[in-house]
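Residue strings, one per chain:
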Amino acid sequence: MKHIPNILSALRIALSPVLVAMADQPVWLAAFMLLAGITDAIDGLIARRFDCHTALGACLDSVADWMFFISVGWIFCTRYESVLRACLLELLLVIAVRLIALVVGWVRFGRFVSVHTIGNKLSAMLAFVVLVRIVLCGPVPVGIMRSVLIVAIAAALEELIILLCSRTPDPNRRSLFFRSKH
């Protein structure tokens, strides 16, 4: 049981190139996106439930998250560019703050640190639902896209503040106001 979370994260890493390969097949793309989303949701749950969280697991999860979003980002840049153009400023803000947070983690702690805050989980879930909906049904209203991106900007800023204020990296910190239980 202790290896299942790492296997699920590794599966999500392996699914990233599959997503790109399925870019022109919306039903398959959505199905593989859903599979990746399910593995993302349950790897951490299993790790916490069965107390089998490890530094390797946290690293695999972060790598899998980044590979998933890079793959989906590439797909949306090449296949759904009209959706991106409508909210380009907000999207660029999310990317900029995320990149700044990565640099801050590297400079302060000597490694890249992704913090699994409630805000990050919420923004990822909202983005995931909207992206799957776009793949299956077409564009959503700009207001919905902007709302999701504003949540993502707030989550990215929270992560950046945590990294700036923390003495040690804690990838499992829940928010600015609550520390992890580990």
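Residues numbered from 1 in each chain as written. Predicted model: local features only at pLDDT ≥ 70, side-chain atom pairs only at ≥ 80, totals over all residues. Heavy atoms only, no water.

A word on the nonpolar core
Here is step 1: Within the largest apolar cluster, 30 residues are counted, with the highest numbers of intra-cluster contacts made by L29, M33, F76, Y80 and I134.
Here is step 2: Contributions of two or more residues to this core are made by α1 (4-21), α2 (26-49), α3 (55-79), α4 (81-86), α6 (118-137) and α7 (142-165).
Here is step 3: With seven residues, the top contributor of residues to this core is α6.
Here is step 4: Once residues within four sequence positions are removed from consideration, M33 is found in contact with L19, F68, V72, F128, L131, V132 and V135.
Here is step 5: If you look at the next biggest cluster of nonpolar residues, it comprises ten residues, including V115, A156, L160 and I162. (Core = buried A, V, L, I, M, F, W, Y, C linked by side-chain atoms within 4.5 Å. Buried < 20%, exposed > 50% of the residue type's maximum accessible area, 1.4 Å probe, protein only. Helix = DSSP H or I, 4+ residues; strand = E, 2+ residues; numbered from the N terminus. Contact = heavy atoms within 4.5 Å.)

Observations concerning the packing of α3 against α6
Here is step 1: In contact at an axis separation of 12 Å, α3 and α6 are set at 35° when each is read in the N-to-C sense. In this structure, α3 crosses over α6, and the sense of that crossing is left-handed. For the pair α3 and α6, contact is made by F68, F69, V72 and F76 and by A124, F128, L131, I134 and V135, respectively.
Here is step 2: Taken together, the residues that form the contact of α3 with α6 break down as nine nonpolar, no polar and no charged. (Axes fitted to C-alpha atoms, helices over the stretch in contact; angles between N-to-C directions. Left-handed = near helix turned anticlockwise from the far one by under 90°. Nonpolar A, V, L, I, M, F, W, Y, C, P; charged D, E, K, R; others polar.)

Concerning the packing of aromatic side chains
Here is step 1: In this structure the tally under the stated criterion is five aromatic pairs.
Here is step 2: For the ring pair W106 and F112, a centre distance of 5.0 Å and an interplane angle of 35° mean the geometry is tilted.
Here is step 3: For F112, a relative accessible area of 54% corresponds to the exposed category.
Here is step 4: Among the aromatic side chains, those forming a connected cluster through ring pairs are F68, F69 and F128.
Here is step 5: The residue whose ring lies beneath R49 is F50, and the NZ or CZ to ring-centre distance is 5.3 Å.
Here is step 6: The ring of F178 carries the charged tip of R174 above its face, separated from the ring centre by 5.0 Å. (Phe/Tyr/Trp six-rings, centres within 6.5 Å; stacked < 30°, edge-to-face > 60°. Lys NZ or Arg CZ within 6 Å of the ring centre and 35° of its normal.)

Considerations on α2
Here is step 1: The terminal C-alpha atoms of α2 lie 34 Å apart, and with 24 residues this matches the ideal 34 Å at 1.5 Å per residue to within 8%.
Here is step 2: Taken together, the buried positions of α2 are L29, A30, M33, A36, G37, T39, D43, G44, I46 and A47.
Here is step 3: Looking at the buried positions of α2, the neighbouring elements they touch are α1, α3 and α6.
Here is step 4: Once α2 ends, the next one or two residues include D51, with phi positive near 50°. (Expected span 1.5 Å × (residues − 1).)

Examining unusual backbone geometry
As a rule of thumb, non-glycine residues mostly have phi less than zero, and peptide bonds are mostly trans rather than cis.
Here is step 1: Look at D51: it is not a glycine, yet its phi comes out positive at around 50°.
Here is step 2: Within the fold, D51 resides in the loop between α2 and α3.
Here is step 3: With relative accessibility at 60%, the residue D51 sits in the exposed group.

Quick look at a nonpolar patch on the surface
Here is step 1: Residues W66, I70, L88, L92, I95 and L99 make up a contiguous nonpolar surface patch of roughly 550 Å² in combined accessible area.
Here is step 2: Residue contributions to the nonpolar patch peak at four residues, all from helix α5 (residues 88-109).
Here is step 3: Owing to a relative accessible area of 41%, I95 belongs among the partly exposed residues under this scheme. (Patch = residues over 30% accessible without salt bridge, like charges linked within 9 Å, V, L, I, M, F, W, Y side chains within 5 Å. Areas by Shrake-Rupley, 256 points an atom, 1.4 Å probe, with all protein chains shown as cover. Salt bridge = Lys/Arg side-chain N within 4 Å of Asp/Glu carboxyl O.)

A word on the environment of G119
Here is step 1: Relative to the helices and strands, G119 is located in helix α6.
Here is step 2: Taking the C-alpha atoms as reference, G119 lies 7.3 Å from S175; in sequence the two are 56 residues apart.
Here is step 3: The contact partners of G119, leaving out residues within four places of it in the chain, are A155 and E158.

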